[in-house]
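Single-letter residue listing:
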Number of protein chains: 2
Amino acid sequence: MMAPTQSVDNTVLLPAEVLSEVVERTLHAAGADPDAAAIVAESLVASDLCGVSSHGVVRVPDYLRAIRLGRIDPTARPTVEFDGGAVVRLAGNNSFGQIAAREMAAVAADRAEQHGVGLVMLAGVEHVGRLGEWVERAAAAGCVALAWCNCGDSYGNVVPYGGEQTRLGTNPMAYAVPLAGGEPLVADFSTSVVSEGKVRVLRQLGLTVPDGWLLDAAGRPTNDPGALYNGGALLPAGGHKGFALGLLVEILGGVMAGAGCVSLGEAPGNGLVFLAIDTTSAPTAFGERVAEVVSSIRSSGSGVQLPGDPEQLARAQGRLNGVTIARKAWTELLEAAAELGLQVPPTQTNQGDTYVV
Amino acid sequence: MMAPTQSVDNTVLLPAEVLSEVVERTLHAAGADPDAAAIVAESLVASDLCGVSSHGVVRVPDYLRAIRLGRIDPTARPTVEFDGGAVVRLAGNNSFGQIAAREMAAVAADRAEQHGVGLVMLAGVEHVGRLGEWVERAAAAGCVALAWCNCGDSYGNVVPYGGEQTRLGTNPMAYAVPLAGGEPLVADFSTSVVSEGKVRVLRQLGLTVPDGWLLDAAGRPTNDPGALYNGGALLPAGGHKGFALGLLVEILGGVMAGAGCVSLGEAPGNGLVFLAIDTTSAPTAFGERVAEVVSSIRSSGSGVQLPGDPEQLARAQGRLNGVTIARKAWTELLEAAAELGLQVPPTQTNQGDTYVV
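The present account deals with the structure reproduced in this document. (Residues numbered from 1 in each chain as written. Chains lettered and ligands numbered in written order. Predicted model: local features only at pLDDT ≥ 70, side-chain atom pairs only at ≥ 80, totals over all residues. Heavy atoms only, no water.)

1. A word on the interface of chain B and chain A
By a widespread convention, an interface's size corresponds to the accessible area lost as its parts come together.
Argument step 1. On the side of chain A, 77 residues touch chain B, which itself brings 77 residues to the contact.
Argument step 2. With both chains or domains summed, chain B and chain A bury close to 5,800 Å², and 72% of this area falls on carbon and sulfur atoms.
Argument step 3. Taken together, chain B and chain A are joined by 2 salt bridges.
Argument step 4. Here Glu266(B) and Arg289(A) are joined by a salt bridge, their closest N and O atoms 3.1 Å apart.
Argument step 5. Between the two partners, chain B and chain A, sit 26 residue pairs in polar contact (both at pLDDT 80 or more).
Argument step 6. Of all the elements in the fold, those that place two or more residues in the side of chain B that touches chain A are β5 (87-91), β6 (117-125), β7 (143-150), β8 (173-177), β9 (185-189), α7 (240-256), β13 (270-278) and α8 (286-298) of chain B.
Argument step 7. Per-element tally for the side of chain B that touches chain A: the top contributor is α7(B), with 13 residues.
Argument step 8. Taken together, the residues that form the side of chain B that touches chain A break down as 45 nonpolar, 23 polar and 9 charged. (Contact = heavy atoms within 4.5 Å. Buried area = accessible area lost by both parts, 1.4 Å probe. Salt bridge = Lys/Arg side-chain N within 4 Å of Asp/Glu carboxyl O. Polar contact = N/O pair within 3.5 Å; in protein donor to acceptor, adjacent residues only side chain to side chain. Helix = DSSP H or I, 4+ residues; strand = E, 2+ residues; numbered from the N terminus. Nonpolar A, V, L, I, M, F, W, Y, C, P; charged D, E, K, R; others polar.)

2. Things to note about the packing of helix α1 (residues 16-29) of chain A against helix α2 (residues 34-49) of chain A
Residue and element names in this part refer to chain A.
Argument step 1. In the contact formed by α1 and α2, the axes pass within 8 Å of each other and the chain directions differ by 140°. By the angle class used here, α1 and α2 are oblique. Between α1 and α2 lies a crossing whose hand is right-handed. Every residue of α2 that contacts α1 at Ala16, Leu19, Ser20, Val23, Glu24, Leu27 and His28 is listed here: Pro34, Ala37, Ala38, Val40, Ala41, Glu42, Leu44, Val45 and Asp48.
Argument step 2. Class assignment of the residues belonging to the contact of α1 with α2 gives a composition of 11 nonpolar, 2 polar and 3 charged. (Axes fitted to C-alpha atoms, helices over the stretch in contact; angles between N-to-C directions. Parallel < 35°, antiparallel > 145°, perpendicular 65-115°, else oblique. Left-handed = near helix turned anticlockwise from the far one by under 90°.)

3. Things to note about the pattern of salt bridges
Residues and elements named next belong to chain A.
Argument step 1. Tallied over the entire structure, the rule returns 36 salt bridges over all chains.
Argument step 2. Of the charged contacts in the structure, one is a salt bridge between Arg25 and Glu21, with a shortest N-O distance of 3.6 Å. Placement of the pair is Arg25 and Glu21 together in helix α1, with a separation of 4 residues, close to one helical turn.
Argument step 3. When its relative accessible area of 32% is taken as the criterion, Glu21 is described as partly exposed. (Buried < 20%, exposed > 50% of the residue type's maximum accessible area, 1.4 Å probe, protein only.)

4. Description of the sheet that holds strand β12 (residues 233-234) of chain B
Residue and element names in this part refer to chain B.
Argument step 1. The strand order β11-β10-β12 describes an open sheet built from 3 strands, whose pairing is antiparallel. The open sheet terminates on both sides in strands that have one partner only, identified here as β11 (221-222) and β12.
Argument step 2. Bridging between strand β10 (residues 214-215) and β12 involves 2 bridges; their strand directions are antiparallel. When the sheet's bridge partners are listed, Leu215 is paired in β12 with Ala233. (Pairing = 2+ DSSP bridges.)

5. Here we look at the relation of the copies chain B and chain A
Argument step 1. The transformation that overlays chain B on chain A combines an axial shift of 0.0 Å with a rotation of 180°, and the residual RMSD is 0.0 Å. Considering both components of the superposition, the chain copies are consistent with a two-fold axis. The C-alpha atom lying nearest the rotation axis in chain B is that of Gly238(B); the distance is 2.2 Å.
Argument step 2. When the interface residues of chain B are mapped onto chain A, 100% of them again lie at the interface, so the same face is used by both copies. (Least-squares fit on C-alpha atoms with pLDDT ≥ 70 in both.)

6. A few points about the nonpolar core
Argument step 1. Residues Trp148(A) and Trp148(B) are the most contacted members of the largest nonpolar core, which totals 96 residues.
Argument step 2. Contact partners of Trp148(A), with chain neighbours within four places excluded, come to Pro172(A), Met173(A), Leu248(A), Val249(A), Leu252(A), Gly271(A), Leu272(A), Val273(A), Leu275(A), Leu146(B) and Trp148(B). (Core = buried A, V, L, I, M, F, W, Y, C linked by side-chain atoms within 4.5 Å.)

7. Focus: the sheet that holds strand β6 (residues 143-150) of chain A
Residue and element names in this part refer to chain A.
Argument step 1. Strand order in this open sheet of 7 strands is β3-β4-β5-β12-β6-β7-β8, and the pairing throughout is mixed. In the strand order of this sheet, the two ends are held by β3 (79-83) and β8 (185-189), each with one partner. Each strand axis lies, on average, 15° off the axis of its neighbour in the sheet, ignoring direction.
Argument step 2. With 4 bridges connecting them, β6 and strand β7 (residues 173-177) associate as antiparallel partners. Opposite Ala145, over in β7, you have Ala176 as the bridge partner.

What follows is the structure, given as structure tokens:
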């Protein structure tokens, strides 16, 4: 296959297969077994493909560092630590988060098929990637799926409602619902007002953040994105409601799954509780009814945006045109590959914008 | 027992037992069997006691009307429609919502004890009262509990994110978490920016609503609380995040539990999905760890407010001083009791503020 890359500002546009191959070979060279390298590459590129670049191939250098530090064991697999039938607790064993999370979703869907409901807990992993991917997988298996994931370094970057000092991570949750005649409905959002990445982008662009996003180190509202990196804090989404959700996520991932608690100064990696509900327990044809609900929601106005709409649009475009990633992410990926002794595509020309696979 | 009532503006302060007895006798006179009357009265007064008067005895006239219209059968009980072990679907059979919801919480906790997780669906009821009560009950039985409840009249009063016309109810969710050495953590909130009741209060007081609460009938932002009652709409909490949650609640209560969908012009009453997770599945002492998390959250600032704090404070005050309800609610309750031929306490004096039981 031959394909040109295009330069759009500081991004590059690549065929998904090329990007995936570079990531896969790089991870393999770093010690990942072939299956693991393929699965992680697929997940990372899928995140870029649906526009969630914060969880895409930009993470590869971090993963390589984690492998060197022993925080990721690139040949490890999750194991079952507790099996109660409908409830399973998985030990991540420092495997790639994507490997463990894929197993989590599969086990939950399987237990839901057997018992009507499956609840899987996962601890002992670093970054699991895009949470939406795992609920979407369970939805593809015919389940309503919900996931809660605690995260963050010690004491996090989100302030409790009414508080002054950070205690929580951005603690995302996600859900997916299968529907007739279309892709599953997928929602995936942090319980903070925005994710940290959005503040970082505004800082890089020299812009201010809107009211209601941040407190500074003294606990006062601020519009300066830099405040977050100088002892400041993200606010919870929707005030006490987002805080209540973020705290639930901390308890589920940190205590129930046992990953550890950001609020207690621990650094848990990602701790997850994943719920799958078999939709055949519903009294009527589930997927058809959900499709009707979605159709009614869409009719509420021309500007309505359903959960997952931005990702579906980006994915459709990406399948046609290729994957857009930051030029810097691409350069760092190629450098990482070169450091591991790989000669990977693309062979950059002196224009820097075309290559031959 | 003898107790004075006190007049504070347009409220009355009553001993909880007196209020409960009036409600219980009224419901009994309206056809409720003694058990049902006692349970519903206990729940309504408990809501008033913790300051959630919107779900308290103010509802009694509505319930009496629903009984007359046949929408509540005051001697009915929920029945099991589907039993999959870890998953149970209950038919409400038009029983009092509180009767059915109490059963739902008990069954979920029981199944969680047996299977590690219990998921109960409930449809076929009107108003279940304060959602927090049901998760709190399951937490008292040693479970983490989550509940999602769809509600609203045809097409509801909440606009989808980016939409112009209402499609959802205020669709609350609730959770409760047991902890060592204290009452469970209980969160209970609508997925709209506020509940309809708060807009109603501001309208009654002749005040405006803050930015970000309402759209008018033309889909434009407004600060006029009256707009909600003239074709306007409540906005979702936290923009697309609250909308995603509200839509999930609609799908769980409306389709999964089968209560019917506000978004499809149906009037489902309350449709619920209730999840209970046995905390003994956690790898460490669950309640102790949660208590540590709560303690850390409290240390984040003097103004921090945890989920359930306002209710716990109101309940503590109520136990000392009595229950505060609107004078109008009290008057209507006494009128309803009198219409049913009851001579209930208090015997009002010509001051209108003291009585003898």
